[in-house]
Structure formats: structure tokens, C-alpha cells
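Below, each chain spelled out in residue letters.
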Amino acid sequence: MFSNLPAKEQLPLKLRAVYELYGYKKYNMDKFEPYDMYLENKSFLKYEGIITFTNTNGRLMALKPDVTMSIVKNTSDSSESNKLYYNENVFRRQQAGGEFCEINQMGLEFIGGDDNYSEAEVTLLALRSLEAIDNEYVLNIAHMGYISSLLDYCGVENRNREKCLRLIKQKNTHGINDFASELKLENTAKDTLKAVITISGGLYSCIEKLSAFALNKGMTEAIDEMKGLYNAVKEAGLESKLQLDFSVVNDPDYYNGIVFQGFIPSTPRAVLSGGRYDNLMRRFGKEQNAIGFALYLGELDRVFRKTDEYDTDLLLLYGNAGADRVVKEVERLKNSYESIRAEKTLPVGIRARNIINISESEVN
Amino acid sequence: MLNIALPKGRLGDKIYSLFSDVGLGCPSMNEDNRKLIFESSEKEIRYLLVKPSDVAIYVEHGAADIGVVGRDILLETKPDVYELLDLKIGKCSLAVAAKNGWIDDGGSLRVATKYPNVAQSYFSSQNRQIEIIKLNGSIELAPILGLSDVIFDIVETGTTLRENDLSVITTVIHSSARLIANKSRYQFKSAFIDNICRELEQRI
């Protein structure tokens with residue numbers, strides 16, 4: 001229906017249609033949140049830098065750097081589940097040290113509900129979202145509960161976990177060696193840690209490999225949960241796009257359970273990121289569990305910015321012809337061309353596939 | 001096609017010979033010319049020769065799929081990439097050095113360095129206040145001319161320090177060349193990249 005719109009503008013429409021189909025409602029972020037809310041949860045925001053201003057009461061407010069926290073804060077903590085999606089412009093620095101910019105971000109949150117189903121549905125919608133962007137894509141998943149039980153098993157104390165997670169994110173096995181000898185971890189612990197984080201690839205075969213590393217209750221539960229997720233996604237026929245990869249682990253202060261990141265070949269960074277964030281809910285004093293993801297549409301700008309061969313399909317030159325004549329011609333031609341640009345004289349720098357000249361002088 | 005970013009210079013030559021040992025040679029690399037891109041269409045690889053400190057930037061932004069860069073640079077710029085392998089060549093250390101006979105009075109230090117971030121985090125872990133003087137080369141000159149109290153720089157053999165009447169006070173971090181990969185490209189070329197890692201690992 002909107003096939004003549006640029007791909008960049010079609011995508012949000014396509015995604016909204018997918019989310020609406022699954023019964024998600026649009027969340028509009030029309031108010032601003034106080035700056036201290038973001039400050040307290042600074043590390044939930046992956047980017048540094050927030051634009052602030054004072055509101056009419058003199059309170060320091062933030063120009064929305066993020067939508068998820070606002071949804072978490074503003075949904076009532078009832079027993080009902082909430083399924084919401086958003087399409088908002090957020091304000092943040094594009095990269096560390098970069099300037100502030102306005103970035104279009106879409107995302108989806110499933111708050112409350114049954115853990116197993118919400119996980120399956122959100123994972124499936126993440127896959128469907130990637131599918132709408134590119135035919136070739138992967139969704140890498142990991143389980144925060146598995147990782148924290150693994151670190152329990154290996155005897156890595158809480159204060160050293162941040163460093164360990166950073167090494168896992170880098171797939172840095174030689175770093176794990178140094179880390180283990182620094183902490184004087186036992187050799188079996190070190191080898192287990194290294195063996196587990198190097199397991200990556202198709203989810204099904206990786207779950208098989210992981211079963212050898214179900215070394216405590218937490219690990220076993222997490223593996224079962226991933227098995228359940230795999231079986232659910234298989235019903236939709238998208239299971240081949242799921243990969244296990246522990247390098248997608250996220251901040252345990254906010255995330256627990258399944259976490260994931262989506263990749264397409266044409267962007268250098270992940271275009272989708274999300275997971276179960278019950279811990280964030282608790283920080284806001286909410287009882288319910290929640291899972292969701294965000295799409296970084298800004299990453300796609302360059303992919304979509306393919307220069308067309310022509311600026312317009314038809315250039316209609318009308319010269320001295322009257323407005324009625326031009327309108328009549330455009331009406332007559334509009335079904336035969338993808339786009340029609342009417343100009344009085346031949347414009348400079350416009351590449352047109354076809355040119356029709358209807359100027360009076362030409363006719364006479 | 002796999003794009004491999006290598007640092008220009010002596011270290012790059014060593015790394016290239018390691019790659020060619022595992023069958024990833026590119027005949028045109030041996031020609032003595034000023035080209036920066038070398039391609040072997042049969043092996044599906046392309047080498048890019050870039051400034052050592054830029055390798056991580058090429059890889060992080062996906063202009064190169066993989067690359068080789070020193071750990072010192074990774075620590076300084078913290079790029080969001082996979083660090084797949086320690087190649088154990090190009091070994092050096094990051095160290096604090098000062099003029100022979102310099103006495104630490106315990107006050108605020110003026111530190112000349114190419115590595116302002118690593119220096120800052122090291123000295124703050126030591127609870128030491130410092131003033132960074134960011135230089136881009138010939139760091140050893142700074143304490144001689146009184147521009148700084150100490151320097152925070154890479155030390156390979158120590159010859160430059162000795163010849164300039166400086167010596168190491170503390171060695172902070174050991175560094176060597178690391179094989180890094182772009183996070184997105186890795187997802188779609190993991191078989192190729194993992195294979196290269198395995199082959200290289202056997203040679204080191």
C-alpha cells in the first residue's frame with residue numbers, strides 16, 4: 001500500500017502492523033520524566049549524556065533518552081498484563097564523545113503475564129521484526145540466570161563479576177585465563193568457564209552441548225527454559241535463526257533470564273537488543289515481571305540511504321501552460337508512472353527517467 | 001570476501017607472515033609499493049594496511065571484518081568488538097617512567113602520555129591525582145624538558161628510555177597483538193573467522 005514510500009518510512013509501518021497483529025497497543029510518551037529517574041538507573045541506558053531542562057516548577061527534567069523506563073514507571077502494577085509498543089524519537093549521543101542527536105527508536109514491552117509464554121512471544125516478535133528489516137538475520141540469545149549460576153559454580157564473587165562479564169562480551173578466552181589466575185580460581189572452574197563461553201551457534205545443538213554443563217540447579221533450570229523457548233519458536237518455523245551466544249550478556253542489575261541481540265549483515269552493530277528485565281521492575285517497586293526489546297532504527301539509516309538512480313520517474317515540463325492544464329496532465333499520467341514531478345523549466349541536477357514537455361510554445 | 005585490517009609497519013609485517021603461514025598469503029603483498037589494499041580473490045580475503053591506532057576503528061565500524069591491534073590500544077579506546085585471540089607477538093608493556101634520580105614527593109603528578117584514558121584509570125586506582133599532558137610522540141622528551149614529572153608509555157626493550165636517561169618506575173600492563181572481530185560481521189562469517197583463529201592458534 002505504501003510501496004512508493006522510502007524503505008526507511010515503510011519499516012515502522014510494517015513493524016506496527018506486526019505488533020498490532022499480536023494485540024500490542026501503542027504507547028505514546030507525551031510527557032517528560034524527571035532527570036533523577038534516569039540518573040539513578042544510568043547504566044540501564046547504553047549511551048551517556050542526557051539533555052536536561054527545568055520545568056515550570058523548577059524541577060530538572062530530561063528530554064527523553066529512553067522509553068522503557070517510562071513505560072515501567074507508568075504502567076499500573078495490576079495482575080493484568082500489558083502489551084505495549086512505541087515509536088518515539090529519543091535524544092542521546094550517537095556514540096561516546098559524539099554530539100547529541102534525535103534517534104528514532106521502536107520497541108516493545110510485555111509486562112506481566114506468564115513467564116514462559118511472554119518469553120516466547122517477545123522472542124518471536126524480535127525475530128519477526130528482524131525479518132521485516134532484512135531477509136538475512138540472526139538473533140543471538142543467552143540466559144543471565146545461566147551465567148550467574150555458572151559464576152556461582154566457578155566461585156567468582158559478585159565484586160569480580162563485572163570484569164568477567166566484560167570478558168564474556170568480548171569472547172575473550174585468553175582474558176579469562178588471566179582473570180582466573182588473578183583470582184586463583186581452580187583449574188576445573190577456569191576450564192568450565194572457558195568451555196561454556198566458547199559454545200555458540202545454532203540454539204538446538206548448543207543446548208545439547210550445554211547439557212554437559214548443567215552443574216547446579218540454576219543452570220539446569222535455565223537450560224530447560226531455553227529448550228522450552230526453542231520448541232515454542234519452532235512452532236513458528238523461525239528456530240533456525242536463533243543462535244546461542246553468551247557474548248550478548250547484559251547488565252545483571254537490570255536483566256535476568258533470557259537476553260538477546262539481533263544482527264543483520266549490513267550494519268556493524270546490533271540493530272535489536274532486549275531481554276527479561278524483572279530486576280528493573282523491582283527497582284521501580286513493581287511486582288510484575290517484564291520482557292521487551294528495542295530496535296535501533298538509527299543504525300539502519302545508512303542501509304536505507306541507497307541513492308536512487310533517478311530523482312523522479314517522470315519530469316513534466318509545463319513552461320507557460322496554465323495550472324488547469326498541468327493538473328489535468330498529472331491526473332491523466334499518475335497511474336502510469338511511479339512519481340511525477342511538474343516543473344516550469346528544466347531544473348538543474350534533477351535526474352528523471354522520462355521527460356514529457358507540455359509547454360504551450362512547444363505545442364504551437 | 002573477508003576484510004582484514006593490519007597495522008602498517010614492522011608489527012604488521014610480522015602479523016602478515018603469520019597469516020601467510022596459515023595459507024592466507026596474498027602474492028601482491030610482497031611487491032614493494034605504496035598500495036594500501038591487497039586482494040586475493042581466490043582465497044576471498046583482502047588486507048587493508050592502516051595506522052596501528054586506527055585498526056580498531058575500522059573493525060568497530062565494520063569497514064574491516066577482523067583486524068590485529070595491540071592490547072594497549074584496545075584498553076585506551078575500548079572499542080565494542082570481539083577479542084578472539086592473543087597472538088603473543090608485538091609484546092610490550094605500559095609503564096610509568098621518570099628521569100633517573102627523580103624523587104616522588106607524593107603530590108599531584110604531571111603525566112605525559114599517548115594513553116590518557118589508561119593513565120587516568122591507573123592513577124585513580126592508586127588514589128593519585130594527576131594532570132594529563134597528551135602527546136602524540138617522543139613522549140620521552142617531556143620529563144627531560146620539565147614538561148612533565150613522569151611519562152606513561154609503552155616500553156618494548158627499554159633502549160629509548162636508557163638512551164634518554166630515563167628508567168621504568170612501575171610496569172602497569174602487559175600488551176601484545178590481539179585478533180579482533182566486528183560483532184555483526186562475525187555472526188555471518190563465523191565459520192571462516194573461527195577457522196582462521198584455530199589455524200593461527202596452532203602457530204603461536
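The coordinates are above.
Just so it is clear, the structure is predicted and the values come from calculations on it, not from any experiment.

Moving on, we get to the overall build of chain B. Looking only at helices and strands, chain B has seven helices and 11 strands in total. Across its three principal directions, the C-alpha atoms of chain B cover 60 × 35 × 30 Å. Of all 204 residues assigned to chain B, the portion counted as buried reaches 48%. Summarising the internal contacts of chain B: among those between residues at least 6 apart in sequence, 67% fall at separations of at least 24. Accessible area for chain B stands at about 10200 Å²; split by element, carbon and sulfur atoms hold 46% of it.

A few words on the overall build of chain A. Along the backbone of chain A there are 14 helices and 15 strands. The buried share among the 364 residues of chain A stands at 48%. The contacts in chain A between residues at least 6 apart in sequence include a share of 68% that link residues at least 24 apart. For chain A, the accessible surface area stands at approximately 18100 Å², while carbon and sulfur atoms represent 46% of it. Computing the positive centroid from 45 side-chain charges and the negative centroid from 52, chain A places the two 2 Å apart.

Turning to the sheet that holds strand E9 (residues 150-155) of chain B, a few remarks are in order. Residues and elements named next belong to chain B. Strand order in the open sheet formed by five strands is E8-E7-E9-E6-E10, with mixed pairing between adjacent strands. The open sheet has two edge strands, strand E8 (130-134) and strand E10 (166-175), and neither has a second partner. Going from strand to strand, the sheet's axes swing by 25° on average, the running direction of each strand aside. Where strand E6 (residues 92-99) lies against E9, six bridges are found, and the strand directions are antiparallel. Opposite Leu 94, over in E9, you have Ile 154 as the bridge partner.

Now for the packing of helix H1 (residues 10-21) of chain B against helix H7 (residues 183-203) of chain B. Residue and element names in this part refer to chain B. For the pair H1 and H7, the least separation of the axes is 9 Å and the interaxial angle reads 110°. In terms of orientation, H1 lies roughly perpendicular with respect to H7. Each of Leu 18, Phe 19 and Asp 21 in H1 lies in contact with H7, whose residues at this interface are Ile 196, Leu 200 and Arg 203. Residues that form the contact of H1 with H7 fall into these classes: four nonpolar, no polar and two charged.

What follows covers a positive patch on the surface. A surface patch of positive charge is lined by A:Lys46, A:Arg166, A:Lys169 and B:Lys78. Summarising the element assignment, A:Lys169 is placed in helix H6 (residues 158-169). A relative accessible area of 33% places A:Lys169 in the partly exposed class.

Bringing the interface of chain B and chain A into the picture now. Interfaces are often described in size by the accessible area the parts lose on coming together. Contacts between chain B and chain A engage 17 residues on the former and 20 residues on the latter. For the pair chain B and chain A, the two sides together bury roughly 1500 Å², of which 48% comes from carbon and sulfur. Our enumeration of links across chain B and chain A arrives at zero salt bridges. Across the chain B-chain A interface, the total number found is 11 residue pairs in polar contact (both at pLDDT 80 or more).

Right, let's talk about the packing of aromatic side chains for a bit. Taken as a whole and assessed by the stated rule, the structure comprises 15 aromatic pairs over all chains. Ring geometry for A:Phe44 versus A:Tyr254: centroids 5.2 Å apart, planes at 65°, classification edge-to-face. On the criterion of sequence distance, the pair formed by A:Phe44 in the loop between helix H2 (35-40) and strand E3 (52-54) and A:Tyr254 in the loop between strand E9 (242-245) and strand E10 (258-263) is long-range, its members being 210 residues apart. Exposure class is identical for A:Phe44 and A:Tyr254. Each is buried. Seen in terms of ring centroids, A:Tyr146 and A:Phe246 are 5.6 Å apart; in terms of plane orientation they differ by 25°. Their pairing is stacked. Residue A:Tyr146 is located in helix H5 (residues 144-154), and its partner A:Phe246 is located in the loop between E9 and E10; the two are separated by 100 residues in the primary sequence. Residues A:Tyr146 and A:Phe246 agree in their burial class; the two are buried. Three or more aromatic residues joined by ring pairs form one cluster here, namely A:Tyr19, A:Tyr85, A:Phe260 and A:Phe293. The lysine or arginine in question, A:Lys171, covers the ring of B:Tyr82, its NZ or CZ lying 5.1 Å from the ring centre.

Attention shifts here to empty space enclosed by the protein. All names here are of chain A. According to the stated counting rule, one finds one cavity of 30 Å³ or more in the structure shown. Each pocket or cavity is described by its volume, and for the largest cavity that value is around 200 Å³. Contributions of two or more residues to the lining of the largest cavity are made by strand E5 (82-93), strand E6 (100-111), strand E11 (272-276) and strand E12 (290-296). When residues in the lining of the largest cavity are grouped by element, the largest group, four residues, is from E12. Among the residues making up the lining of the largest cavity, the classes are represented as nine nonpolar, six polar and four charged.

Attention now moves to the layout of surface pockets. Residue and element names in this part refer to chain B. A volume near 1100 Å³ is recorded for the second largest pocket. For the lining of the second largest pocket, the secondary-structure elements that each account for two or more residues are H1, strand E4 (66-70), helix H3 (71-77), E9 and helix H6 (159-163). Residue classes in the lining of the second largest pocket are distributed as 15 nonpolar, 13 polar and 11 charged.

Positioned with a positive phi, A:Lys171 is a non-glycine residue whose angle comes to about 55°. Structurally, the position occupied by A:Lys171 is in the loop between H6 and helix H7 (173-183). For A:Lys171, a relative accessible area of 10% puts it in the buried group. Its identity as a non-glycine residue notwithstanding, B:Ser138 has a phi of 45°, on the positive side.

Residues and elements named next belong to chain A. Under the definition given, this model contains 27 salt bridges over all chains. Across the pair Lys 83 and Glu 121 runs a salt bridge whose closest N-O atoms are separated by 3.0 Å. Of this pair, Lys 83 sits in strand E5 while Glu 121 sits in helix H4 (residues 115-133), and the two are 38 residues apart along the sequence. Classification of Lys 83 as partly exposed rests on a relative accessible area of 22%. The partner of Glu 343 in a salt bridge is Arg 341, and the shortest N-O contact between them spans 2.8 Å.

Calculation notes
- Residues numbered from 1 in each chain as written.
- Chains lettered and ligands numbered in written order.
- Predicted model: local features only at pLDDT ≥ 70, side-chain atom pairs only at ≥ 80, totals over all residues.
- Heavy atoms only, no water.
- Helix = DSSP H or I, 4+ residues; strand = E, 2+ residues; numbered from the N terminus.
- Buried < 20%, exposed > 50% of the residue type's maximum accessible area, 1.4 Å probe, protein only.
- Contact = heavy atoms within 4.5 Å.
- Areas by Shrake-Rupley, 256 points an atom, 1.4 Å probe, with all protein chains shown as cover.
- Lys, Arg positive; Asp, Glu negative; His and termini not counted.
- Charge placed at Lys NZ, Arg CZ, Asp CG, Glu CD.
- Pairing = 2+ DSSP bridges.
- Axes fitted to C-alpha atoms, helices over the stretch in contact; angles between N-to-C directions.
- Parallel < 35°, antiparallel > 145°, perpendicular 65-115°, else oblique.
- Nonpolar A, V, L, I, M, F, W, Y, C, P; charged D, E, K, R; others polar.
- Patch = residues over 30% accessible without salt bridge, like charges linked within 9 Å, V, L, I, M, F, W, Y side chains within 5 Å.
- Salt bridge = Lys/Arg side-chain N within 4 Å of Asp/Glu carboxyl O.
- Buried area = accessible area lost by both parts, 1.4 Å probe.
- Polar contact = N/O pair within 3.5 Å; in protein donor to acceptor, adjacent residues only side chain to side chain.
- Phe/Tyr/Trp six-rings, centres within 6.5 Å; stacked < 30°, edge-to-face > 60°.
- Lys NZ or Arg CZ within 6 Å of the ring centre and 35° of its normal.
- 1 Å grid on protein atoms, 1.4 Å probe; cavity = no way out; pocket = protein on both sides within 12 Å on 5 of 7 lines; lining within 4 Å.
- Points joined across faces, edges and corners; volume = space filled by probe spheres on them.

The analysis is restricted to geometry; functional conclusions fall outside its scope.
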